[in-house]
Structures are given as structure tokens and as C-alpha cells.
Amino acid sequence: MAGVHPQDDLLKMTHRENWKVQHERLHVKHRGHEAMHAEMVLILIATLVVAQIVLVQWKQRHHRSYNLVTLVQMWVVPLYFTIKLYWWRFLSMWGMFSVVTSYVIFRATRKPLSCRTPRMVYKWFLLIYKLSYAVGVLGYLAIMFTMFGFNVFFRIKAEDSMDVGVIMLFYGLYYGVMGRDFAEICSDYMASTIGYYNKGGMPSRSLTNDICAVCGQKILVDVEEEGFIEDTYQLSCGHLFHEFCIRGWCIVGKKQTCPYCNEKVDLKRMMNNPWEKTHVLYGQLLDWLRYLVAWQPIIIGIVHGINFTLGLE
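A quick note: this is a predicted structure, and the numbers were derived from the prediction, not measured. (Residues numbered from 1 in each chain as written. Predicted model: local features only at pLDDT ≥ 70, side-chain atom pairs only at ≥ 80, totals over all residues. Heavy atoms only, no water.)

## Comments concerning the overall build of the protein chain
So, point 1. A tally of regular secondary structure across the protein chain gives 11 helices and two strands.
So, point 2. Helices and strands appear in the protein chain in the N-to-C order α-α-α-α-α-α-α-β-β-α-α-α-α.
So, point 3. Looking at the protein chain as a whole, 34% of its 313 residues qualify as buried. (Helix = DSSP H or I, 4+ residues; strand = E, 2+ residues; numbered from the N terminus. Buried < 20%, exposed > 50% of the residue type's maximum accessible area, 1.4 Å probe, protein only.)

## Regarding the pattern of salt bridges
So, point 1. Applying the stated criterion across every chain yields a total of two salt bridges.
So, point 2. Here Lys255 ties to Asp188 by a salt bridge, and the two come within 2.5 Å at their closest N and O atoms. Of this pair, Lys255 sits in the loop between α8 (243-252) and α9 (267-270) while Asp188 is found in helix α7 (residues 158-194), placing the two residues 67 residues apart along the sequence. For the pair Lys255 and Asp188, a shared accessibility class is recorded, and that class is buried.
So, point 3. Of the charged contacts in the structure, one is a salt bridge between Glu243 and Arg247, with a shortest N-O distance of 3.2 Å. Separated by four residues within a single helix, Glu243 and Arg247 lie in helix α8, roughly one turn from each other.
So, point 4. The exposure class assigned to Glu243 is partly exposed, which follows from its relative accessible area of 21%.
So, point 5. For Arg247, a relative accessible area of 18% gives the class buried. (Salt bridge = Lys/Arg side-chain N within 4 Å of Asp/Glu carboxyl O.)

## Examining the packing of α7 against α8
So, point 1. With their axes 9 Å apart at the nearest point, α7 and α8 run at an angle of 130 degrees to one another. Looking at the two axes, α7 sits oblique to α8. Like other packed secondary-structure pairs, α7 and α8 cross with a definite hand, here left-handed. The residues of α8 that touch α7, namely those facing Arg180, Ala183, Ser187 and Ala191, are Trp249, Ile251 and Val252. (Axes fitted to C-alpha atoms, helices over the stretch in contact; angles between N-to-C directions. Parallel < 35°, antiparallel > 145°, perpendicular 65-115°, else oblique. Left-handed = near helix turned anticlockwise from the far one by under 90°. Contact = heavy atoms within 4.5 Å.)

## Looking at helix α5 (residues 88-108)
So, point 1. Helix length check: α5, at 21 residues, gives a terminal C-alpha distance of 30 Å against a target of 30 Å (1.5 Å per residue), a fit within 8%.
So, point 2. Within α5 the residues assigned to the buried category are Phe90, Trp94, Phe97, Ser98, Thr101, Val104 and Ala108. Across the axial projection of α5, the buried residues extend over an arc of 135 degrees, all falling on one side. In α5, the exposed positions that point more than 90 degrees away from the buried face belong to Met96 and Val99.
So, point 3. The elements touched by buried residues of α5 are α4 (63-85), α6 (117-147) and α7. (Expected span 1.5 Å × (residues − 1). Arc of directions from axis to C-beta.)

## Considering the state of the cysteines
So, point 1. Tallied over the full model, the rule gives zero disulfides.
So, point 2. Of all cysteine sulfurs, the one in Cys215 lies closest to Cys245, which takes part in no disulfide; the gap is 3.8 Å. (Disulfide = S-S within 2.5 Å.)

## So, the UniProt feature "transmembrane region" (unreviewed entry) in the protein chain
So, point 1. Within this numbering scheme, the UniProt entry marks residues 40-58, 65-81, 87-106 and 127-154 as carrying the feature "transmembrane region" (unreviewed entry).
So, point 2. Along residues 40-58 one finds 100% helix and 0% strand; the C-alpha atoms at either end are 27 Å apart.
So, point 3. With 100% helix and 0% strand, the stretch residues 65-81 has end C-alpha atoms that lie 24 Å from each other. (UniProt positions renumbered as here; feature names shortened; annotations may be inferred.)

## Focus: the side chain of Thr47
So, point 1. Note that Thr47 resides in helix α3 (residues 34-61).
So, point 2. Among the polar contacts made by the side chain of Thr47, one reaches the main-chain carbonyl oxygen of Ile43 at a distance of 2.7 Å.
So, point 3. Once residues lying within four places of it in the same chain are set aside, the contact partners of Thr47 are Ile299, Ile302, Val303 and Ile306. (Polar contact = N/O pair within 3.5 Å; in protein donor to acceptor, adjacent residues only side chain to side chain.)

What follows is the structure, given as C-alpha cells:
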């Protein structure tokens, strides 16, 4: 037909048709390389197994250094891909989170520790935790919404709704992991500074019945004194804490022991509301994601290096 150019036909191709063309070209390019591909798969599996063994041993023998290196990689690796792929929206969010969190860490590591600092620290990381949980759930629902085809009823393109869901899920999980890891570091510093907690031995101070070992403040405020009236929570070991403090310690700060005697805490007993028990599963998911984001790119890079050295493509 007059006036129609091949360029116009290419522009009219849908995203799915473009993908099929690219997929066919890839098959043609790698046809006859089955033996090489099998060798590359074996290298990938062997590297994953060896890396998993090394990481597990490192985590068991040197837990502190493992967590620190993992946290640095969690913080830096996405930044590298963000700058490389021009994801400026993520970079702006990452920058704001880093600035505020750096200030919170600065306050948490100062000596002497201000009496208001523990509450400020736990409020910030609890906010990050709740926001990440909500954004992650919304992202998951958006993905399910698209997979079941509900986007058609609202005249939303599947690509757009899926992109929104994936981005929200990534944001929620990533900042959930980062927030919990930084909260754990701050919890250790503050509790050690206050003196009622010592991970490796006996505390430097003796805990009395009217003091919360997490924040170092009185549990019950006298009538003539100025302060907050708060709910309290008693662990199975008998030690009493502000409910806000002990929840921040266990749920946000990833601690599963009493801040004073190091006795194991039953998190399921702490969650009175059945809906709150999902926080335990969410925390386990975030811990698994740490490995995926921090170490998976490093492992894949090692695999690519081995393949390049052996001349495999």
C-alpha cells in the first residue's frame, strides 16, 4: 500500500511480538552450543553450592563481620546498578533514606546516650518496617491483580500494572531488609552503652525491677515525675520492659533473646493478634532476601569470570 514504510510496520509490532522476534534470534545464535551450555550450568551449580557452604560457615564463625559486609553490599550494589541504568527515582529514595538513617545511627552511637535517643531510633526503624511491609504487600497484590487479568476491567495495560507491582515489591523488600539490618546495629550499640546488655558475657550494670533494659528509663513513672505512661510486657524469664521497647528490640532489631539475661524469646507468644504473626514470616523473608540481593550478584560475577577464563559464551 502506498505511503506505508517497513519502519511503520516495526513500530506497530506489540511488545509481545518484539519479544518473540528477539527470542527466535537468540535461539538461532546459540544453536549447536548445547554441550557448552551444559558445562556452564554445571559451573553455575558448583559455584552456588561452594558459595553457600562458605557463607554459612562465615556466618556461624564470624557473625558480626558477615552481617557488616552483607549490609555494605546491600547498600552499595543497588546503587551501582541504579547509576548504571539511570534509575533516578530509586536513587532519590535511596539518598533520602541514607541521609536520615545516617543521622539516626550517629545519634545511636554517641556517648553519653541521650535518654530520648532509643525511642527516636526505634520509632524511625519501626516506621520504615511498617512502610516497607505495606508497600511490599501492595506490590504483591498489584502483581496478582495483573496475573488474574483484573487490569482489563480498569483499562490498564498489563505491562504498566506489572511494572508498578514489581517496583513496589522491590522497594518494600529492599528497604525492609536495610531498615532491620541498621536497626540491629543501633540496638547493639545503644544497649551496650546503656550497660544492661552484653552479647558475649555479663552486663556491666545490674538491672532493677523498675528499669527497662532496652531504653534505660523507668518503667513506671511516679505521679510527681514528668514522663510517658506506657504499656509494659513481661518476658517468660520474668524481666519487665516497655512494650514499645521490647517489640522494637525483637521485631525490628532482629533480637530473639532477653536484653538482659539473653534467654530465648518466644516471638509467637508476643504476637497476641493473629495478624501480627505475619511479621515473623515477613522477617524471615527479609533475612532470605539479604542473601539474594547482597551475595547473588557477586556469585553471578564469579560465574561469569570462570566462564570467560574458560572461553565459554
